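# Geometric and topological summary
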Amino acid sequence: MTGPLAHPAFRNMARGRTAGFFGNGMAPVALAFAVLDLTGSVTQLGLVVGVRSVAAIVTTTFGGVLADRFPRRLLLQSTSFGAAVTQAVAGLTLLGGVASVQLLMLLSALNGALAAVELPTTTALVSQTVPGELLRRANALLRTFTSVATLCGAAGGSLVIGWAGPSWGILVDSASFAVAGLFFGRVRVGAVVHASARGSMIGDLREGWSEFARHRWLWTVVLHASVWQLVWAGSVQVIGPAVAEAGVGARTWGLVLAAQTLGAIAGGLLALHWKPRAALATGVLLTSVSAALPWALAAEPQPALLIPAAFLTGVAMEQVNIALTVAVQERIAPGQLARVTSYQVLGSLAAVPFGQLLAGPLSAAYGQGHVLVAAGACIVAVTLAALAVPDVRTTGRATPVCRSGSRRYGK
């Protein structure tokens, strides 16, 4: 075995990520039914879910600072065990009939803050677990494992909720985080020496921003991702269910979302064996494929159109996600990698609430069909604009290695 899985550090990290994502696939379904059983209010459910997203967005950049200051293995272990505690408290209070919306909002915010530390830490840690020539395969494997785990978790969550109730689904999520923490504790990698570890966090944030802004290809692709998320959140996540409910029905819409996840799994498998010469530019170009789904919704929505469009979207988006992750891991110094990744994540996620908020007023003003057509056109336009930047087209043709500055440690 000569691939990424031959390296014990990567193997244990992949096991930890997979365990956590299995629970995360189950948690949204369980939490939704739990809050609805508790309050009967969609508005209250929106508050519980929304506060997690806000907490994650607010704390993402500080998560990157922590991951560049402290041993990443210990951070992942700590955040996993912390998430296990928040979910255990939520599940037990729901099971005991003493939960409240305020308590669930607090726990949800804590869970979101812990997740904000986990993502940049994991991305930075991957580059420490495998040699540079295996980075693409390692990221493709990791994303494939987590996509499969999310799909299985969602399916398993439906069974657990139907059999034992939503409280037990949340408790299973807690257990999955605990298992993830155990696996993360077995990761042994080189410790990154961070020159400004004794400086202020604000100074570290500024240093990370300077490094992020220095790479035109990076902030261009992140800006592209931000616009894509804005458009996708409004058109597919908000307008999509409304169009589906009036046409093909909720069950078919569930199949559409499942097809996108299956496409992501297929896209990860494809990336294991296919590495185009200009991987980043190819990935950005393929994002234009995702315009097919809002256009299929704008036409008379039919499963024969929606399901293939969703599947191809999943395949296409995995290529740009993997290509961007690898490009950052190869070109950013280890001591700044987590902070730069946190700005990358922030740039993508911050636009999502705006897309969700704008969808309703725009639909009321111009009609759902027109908004969906414009959404697809915007995806194509922003893709072409990103590809017009020379740095985006040339990044990845040569592979600068920027992975020095680490040493082995045994704890």
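Small disclaimer: the values here were computed from a predicted structure and weren't measured.

## Points about helix α5 (residues 135-164)
With 30 residues, α5 ought to run about 44 Å at 1.5 Å a step, and its terminal C-alpha atoms sit 41 Å apart, in line with that. Positioned one or two residues after α5, G165 has a phi angle of 105 degrees, which is positive.

## Observations concerning the packing of helix α8 (residues 216-246) against helix α12 (residues 303-331)
As a packed pair, α8 and α12 sit with axes 11 Å apart at the nearest point and diverge in direction by 150 degrees. Classified by the angle between their axes, α8 and α12 sit roughly antiparallel to one another. Once α8 is placed against α12, the crossing between them reads as left-handed. The residues of α12 that touch α8, namely those facing W217, L218, V221, W228 and W232, are T313, M317, L324, A327, V328 and R331. Looking at the contact of α8 with α12 residue by residue, the classes come out as nine nonpolar, one polar and one charged.

## Considerations on the pattern of salt bridges
Taken as a whole and judged by the stated rule, the model has nine salt bridges. The partner of E318 in a salt bridge is R143, and the shortest N-O contact between them spans 2.7 Å. Of this pair, E318 sits in helix α12 while R143 sits in helix α5, placing them 175 residues apart in sequence. Taking relative accessible area as the criterion, E318 reaches 4% and is therefore assigned buried.

## Describing a nonpolar patch on the surface
Together, L230, F354, L358, L362 and Y366 make up an exposed nonpolar region whose accessible area comes to about 500 Å². A total of four residues in the nonpolar patch trace back to one element, the largest contributor, which is helix α14 (residues 352-366). Note on placement: L358 falls in helix α14.

## Comments concerning the packing of aromatic side chains
Tallied over the entire structure, the rule returns four aromatic pairs. Ring geometry for F212 versus Y343: centroids 6.1 Å apart, planes at 35 degrees, classification tilted. Here F212, found in helix α7 (residues 201-214), pairs with Y343, found in helix α13 (residues 337-349); they are 131 residues apart in sequence, far enough to count as distant. For the pair F212 and Y343, a shared accessibility class is recorded, and that class is buried.

So, how was this worked out
- Residues numbered from 1 in each chain as written.
- Predicted model: local features only at pLDDT ≥ 70, side-chain atom pairs only at ≥ 80, totals over all residues.
- Heavy atoms only, no water.
- Helix = DSSP H or I, 4+ residues; strand = E, 2+ residues; numbered from the N terminus.
- Expected span 1.5 Å × (residues − 1).
- Axes fitted to C-alpha atoms, helices over the stretch in contact; angles between N-to-C directions.
- Parallel < 35°, antiparallel > 145°, perpendicular 65-115°, else oblique.
- Left-handed = near helix turned anticlockwise from the far one by under 90°.
- Contact = heavy atoms within 4.5 Å.
- Nonpolar A, V, L, I, M, F, W, Y, C, P; charged D, E, K, R; others polar.
- Salt bridge = Lys/Arg side-chain N within 4 Å of Asp/Glu carboxyl O.
- Buried < 20%, exposed > 50% of the residue type's maximum accessible area, 1.4 Å probe, protein only.
- Patch = residues over 30% accessible without salt bridge, like charges linked within 9 Å, V, L, I, M, F, W, Y side chains within 5 Å.
- Areas by Shrake-Rupley, 256 points an atom, 1.4 Å probe, with all protein chains shown as cover.
- Phe/Tyr/Trp six-rings, centres within 6.5 Å; stacked < 30°, edge-to-face > 60°.

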